[in-house]
Structures are given as C-alpha cells and as structure tokens.
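The residues making up each chain are set out below.
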Amino acid sequence: MMNAGRKAAAVGALTLFALAAPSTAWGQGVANAPAKVSSAWTAVSTCGSLSGLGLSWTSTANVVTAVTLTTIPAACSGGSLSLTLVGAGNAALGSAGPVSVSGTSQTLSTITGSPTSTSVTGAYVSVVGP
Amino acid sequence: MFGAVTAFAATLSVGATKLGSGNATVTTCNASASVTYATAYSSTVPGYKVTTTPVTSAATCSGQAYKVTLTGSGNTSLAEVSGVLDASGNATPDFSASSIAAANITGVSLVITG
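Residues take numbers from 1 onward in each chain, read along the sequence in its written order. Chains carry letters from A onward and ligands carry numbers from 1 onward, assigned in written order. It should be noted that, the model being predicted, local features are given only for residues of pLDDT at least 70 and side-chain atom pairs only at 80 or more, the latter also being counted only at that level, while totals for whole chains, interfaces and linings use all residues. Excluded from the side-chain calculations are hydrogens and water; all other atoms, namely the structure's heavy atoms, are used.

> Can you lay out the overall build of chain B for me, pointing to particular residues and giving the numbers?
Segments assigned H or I by DSSP are reported as helices when at least four residues long, segments assigned E as strands when at least two residues long, and all are numbered from the N terminus. Of regular secondary structure, chain B possesses zero helices and nine strands. Secondary structure elements in chain B, listed N-terminal to C-terminal, are β-β-β-β-β-β-β-β-β. Relative accessible area decides the class of each residue, using a 1.4 Å probe on protein chains only: under 20% of the type maximum gives buried, over 50% gives exposed, and in between gives partly exposed. Counting across all 114 residues of chain B, residues that qualify as buried make up 36%. Surface exposure here means Shrake-Rupley accessible area, sampled with a 1.4 Å probe, where a residue is shielded only by the protein chains that are shown. Just so you have it, chain B exposes about 5,500 Å², and 53% of that area is on carbon and sulfur atoms.

Next comes the structure, spelled out in structure tokens:
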C-alpha cells in the first residue's frame with residue numbers, strides 16, 4: 001500500500017457585498033450612479049486529508065490496469081476525484097478520473113497511459129467538491 | 001463566510017453660492033456568485049495545480065470586470081486573474097501559468113466591478 005497525496009478543494013460560494021466606488025461630484029453635479037463594486041471572500045474548505053489514503057493496484061503483464069483507493073474521507077463522497085500515478089522525477093505515468101467519489105473505498109478501473117507497475121513511485125489525488 | 005464591507009459615500013462638493021444635493025444608490029449586480037475549480041497534475045509542483053476557476057454570477061453582471069484572487073496560508077495572495085464577465089455573467093479565469101498547488105489554497109476572493 002502506498003500513501004497518496006493531496007488534496008481536496010471545495011466549491012466556493014460567495015455572497016457578494018456591494019461597495020460604492022469613490023465618486024466625486026463637482027459643483028451642482030451629483031453622483032447618482034456610482035460604479036458598482038461587489039466583493040466577497042470565502043474559505044476553500046477541504047473534505048478531509050487525502051495524505052492518508054491507502055492505494056493498491058492490479059497489474060496485468062506489469063501494466064497497472066486498476067487502482068483501489070481506501071480510507072477516502074467520507075465527507076469527500078460526491079466530489080470529483082482525479083488520480084495520477086507518477087514515476088521518477090514525479091513524471092506522470094498514468095491517470096484516472098475524474099470520477100465521482102461514491103464511498104470510502106473506490107476502485108478506478110480505467111487507467112490511461114498504460115503505466116508499468118514497477119515504474120510507479122507515487123500517486124497524487126485531487127478531489128474537487130462536493 | 002467572511003466579507004469585508006466598505007462603503008464610500010459619494011462625495012458632493014458644495015460651492016459658496018451653489019447647492020447641490022443627491023444620493024448615491026449602492027447596488028450590486030447580483031447577490032451571490034460561485035467559484036469552482038479545475039485541476040490538473042503538474043510534475044513541477046509536483047501535485048495537482050489549479051488550472052481554471054470558473055465563475056458563475058448572473059446575466060445582470062454581464063460585461064462587468066472581475067478579479068479572482070486565490071489565497072493561501074495567512075491570507076497571502078497566491079495568484080490573481082482578472083477579466084470581463086461574458087453575456088451570462090460567467091467567466092473562466094485561467095491560473096495555469098501560476099502553477100498554484102491545489103493543496104495550498106485556503107481561500108478565494110472575487111471582486112466584480114461595473
């Protein structure tokens with residue numbers, strides 16, 4: 001089993017606040033139509049740490065054909081998960097997804113790139129949402 | 001959710017013999033907006049980086065300028081992208097060139113100016 005990294009980003013919903021931009025009226029002129037400015041900030045929350053994910057794979061003729069992830073944080077269910085298998089120098093060897101997270105354990109059976117299992121040194125995972 | 005709100009009243013200059021009065025209506029083109037994220041693996045990060053952060057607002061914000069800022073630990077700015085909202089009030093700011101690791105993003109700010 002190999003630990004996989006990193007990380008989940010959630011959708012940010014922002015409530016906009018109206019700001020009146022500085023406006024100047026001279027003499028009898030009246031600034032009755034200032035520029036509209038809306039501004040908001042929101043925290044980007046995570047559905048949980050993905051650094052502790054368990055990862056194993058199935059290989060056929062030394063090619064990774066499926067990857068199983070375990071201990072996916074339950075809060076990530078419904079998120080969009082992508083995985084990249086890397087080799088020396090963090091070069092991408094193969095990838096899977098995006099797929100919808102459906103539970104705390106999930107098998108990704110469509111792996112692109114035909115990565116050679118003996119070349120895989122790590123994996124990176126991204127979950128966006130839910 | 002936190003929002004910093006600052007309102008500046010319109011300045012009215014009154015001359016010695018002239019008098020003007022009026023008020024400025026402070027409005028916003030829409031009450032809310034949403035920002036989502038698209039990611040892609042980068043061997044230089046290494047890890048997943050943010051590629052785009054699609055913005056969805058409303059058609060009433062069409063043609064207005066926007067700026068999206070991704071922030072990290074300590075509310076430091078990691079990257080900013082600005083542009084103009086399309087006819088639907090949406091946009092797809094591209095952060096690919098900034099190579100911002102998704103793992104480092106803790107907040108997002110959006111400003112729409114019209």
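Here the narrative resumes, following the displayed structure.
> With reference to specific residues and values, describe the pattern of salt bridges.
All names here are of chain B. Here, a salt bridge means any Lys or Arg side-chain nitrogen found within 4 Å of an Asp or Glu carboxyl oxygen. Enumeration over the complete set of coordinates arrives at one salt bridge over all chains. Here Glu-80 and Lys-67 are joined by a salt bridge, their closest N and O atoms 3.9 Å apart. Of this pair, Glu-80 sits in strand S7 (residues 77–84) while Lys-67 is found in strand S6 (residues 65–71), placing the two residues 13 residues apart along the sequence. For Glu-80, a relative accessible area of 44% translates into the label partly exposed.

> Could you give me a rundown of the state of the cysteines, with the residues and numbers involved?
What is meant by a disulfide is a covalent connection between two cysteines, made through their sulfur atoms. When two cysteine sulfur atoms lie within 2.5 Å, the pair is treated as a disulfide. All chains considered together, the criterion is met by two disulfides over all chains. The disulfide partner of Cys-47 of chain A is Cys-76 of chain A, and the S-S distance across this bridge is 1.9 Å. Between Cys-47 of chain A and Cys-76 of chain A the disulfide shows an S-S torsion of about 85 degrees. By sign, it is right-handed. Of this pair, Cys-47 of chain A sits in the loop between strand S5 (36–43) and strand S6 (54–60) while Cys-76 of chain A sits in the loop between strand S7 (63–70) and strand S8 (80–86), and the two are 29 residues apart along the sequence. Judged on exposure class, the residue Cys-47 of chain A and its partner Cys-76 of chain A are both buried. There is a disulfide in this structure between Cys-29 of chain B and Cys-61 of chain B, and the S-S distance comes to 2.0 Å. Of note, the bridge from Cys-29 of chain B to Cys-61 of chain B carries an S-S torsion of about 90 degrees and is right-handed in sense. With Cys-29 of chain B in the loop between strand S1 (11–12) and strand S2 (32–35) and Cys-61 of chain B in the loop between strand S5 (55–56) and S6, the pair connects residues that are 32 residues apart, well separated along the chain.

> I'd love a proper account of the sheet that holds S7 of chain A, names of residues and values included.
Residues and elements named next belong to chain A. Pairing between strands is defined by DSSP: at least two bridges between the two strands are required. Pairing within the open sheet is antiparallel, and its three strands lie in the order S6-S7-S10. Each having just a single partner strand, S6 and strand S10 (106–108) make up the two edges of the open sheet. Along the sheet, successive strands turn relative to each other by an average axial angle of 20 degrees, direction set aside. Here three bridges tie S7 to S10, and the two strands are oriented antiparallel to one another. Bridge pairing links Thr-68 to Thr-107 in S10. The angle between two axes is taken between their N-to-C directions and runs from 0 to 180 degrees, where each axis is a line fitted to C-alpha atoms and a helix contributes only its stretch in contact.

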